[in-house]
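Structural overview for review
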Amino acid sequence: MTSIGIYGSNGRMGRAIATIAAAEGVAIAGGGDAGSDPLPIAQAADVLVDFSTPAAMEAHLAAAVAARTPIVIGTTGLFGTHHALLEQAAVVIPVLQTGNTSLGVTLLGVLVREAAARLGADWDIEIAEMHHRHKVDAPSGTALLLGEAAAAGRDTRLAEVRVDSRAGLVGARSEGTIGFASLRGGSVVGDHMVVFAGEGERVEIGHRAEDRTIFARGAVKAALWLAGRAPGRYAMADVLGL
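Attention here is on the structure that accompanies the text.

1. Overview of the packing of aromatic side chains
For the structure shown, the criterion picks out 1 aromatic pair. With a centroid separation of 5.4 Å and 80° between ring planes, the pair formed by Trp225 and Tyr234 is classed as edge-to-face. Each member of the pair, Trp225 as well as Tyr234, is classed as buried. A cation over an aromatic ring shows up here: Arg229 above the ring of Trp225, its NZ or CZ 3.9 Å from the ring centre.

The structure is reproduced here in structure tokens:
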């Protein structure tokens, strides 16, 4: 039986993953949070799942590499330095990093990439997202994931076309940019909408998360899939064979 170790085990996602794993008969090798030594869990588990913080993720990734244990990274708010560490780790162990472990969002990303590739540059792309009042990063990791998918569909890099906010006299919209709008309030689990706006028509593709367990279920599925894989960088689309 494959056992899962959970970093960020006392957080909302960590607790949800433990609940789903138990319901599906998956063993939990242990859990860790800020201040705990991540290495014993990495050594005890067949695969690790990290839903902690960007700062803590660095130590968790180092422990995974030291123990040669595959790891699923669901922590959001990562910067370029974190992705560089992920690339280095993927030379040694299987690493699956994603801004969203929902299977529905994974499929949405594929649809967004296809739409962006097939619609012309005269179609404007805007991404709107809303989350609960406690979320600390914006745009959400899922919104950025969808932005990356749209940029890939247009054979460009998101960093080159990303627009995070508009306030004041900002002028007309620049062609080819991808805009983001973030809303925070209440207990919203996660709403995302990608709008392709053309002359006289719009295409809207979206996803609404109604229960946090969808992310936990996807994380467990990803962890079980990742265990035993060859070293490398993987994504949720690989889990679904997309």
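2. Side note on the packing of helix α1 (residues 12–23) against helix α8 (residues 213–226)
One can describe the packing of α1 onto α8 by two numbers: an axis separation of 8 Å at closest approach and a directional angle of 65°. Here the hand of the crossing between α1 and α8 comes out right-handed. Between α1 and α8, the contacting residues are Met13, Ala16, Ile17, Ile20 and Ala21 on the first element and Thr213, Phe215, Ala216, Arg217, Ala219 and Val220 on the second. Of the residues assigned to the contact of α1 with α8, the class counts are 9 nonpolar, 1 polar and 1 charged.

3. With respect to the sheet that holds strand β3 (residues 47–50)
Adjacent strands of a sheet pair through backbone hydrogen bonds, lying either parallel or antiparallel. In space, the 6 strands of this open sheet follow the order β2-β1-β3-β4-β5-β11, with parallel pairing throughout. Two strands close off the open sheet at either side, each with one partner strand: β2 (27–32) and β11 (232–234). On average, each strand axis in the sheet is inclined to that of its neighbour by 20°, with strand direction left out of account. Judged from the 5 bridges that link them, strand β1 (residues 3–7) and β2 form a sheet pairing that is parallel. By the bridge assignment for β2, Ile6 is matched with Gly31. Strands β1, β3 and β4 (71–73) of the sheet are contacted by helix α3 (residues 54–67), whose axis makes an angle of about 160° with β4.

4. Things to note about unusual backbone geometry
Cis geometry marks the peptide bond from Ala138 to Pro139; its omega dihedral reads -5°. Structurally, Pro139 can be placed in the loop between β6 (124–131) and α6 (141–153). Of note, Arg68 is a non-glycine position whose phi angle comes to about 60°, a positive value. Positionally, Arg68 belongs in the loop between α3 and β4. The phi torsion at Asp155 lies on the positive side, around 55°, for a residue other than glycine. Take Asp155: it is sitting in the loop between α6 and α7 (158–161).

The rules behind each value
Residues numbered from 1 in each chain as written. Predicted model: local features only at pLDDT ≥ 70, side-chain atom pairs only at ≥ 80, totals over all residues. Heavy atoms only, no water. Phe/Tyr/Trp six-rings, centres within 6.5 Å; stacked < 30°, edge-to-face > 60°. Buried < 20%, exposed > 50% of the residue type's maximum accessible area, 1.4 Å probe, protein only. Lys NZ or Arg CZ within 6 Å of the ring centre and 35° of its normal. Axes fitted to C-alpha atoms, helices over the stretch in contact; angles between N-to-C directions. Helix = DSSP H or I, 4+ residues; strand = E, 2+ residues; numbered from the N terminus. Left-handed = near helix turned anticlockwise from the far one by under 90°. Contact = heavy atoms within 4.5 Å. Nonpolar A, V, L, I, M, F, W, Y, C, P; charged D, E, K, R; others polar. Pairing = 2+ DSSP bridges.

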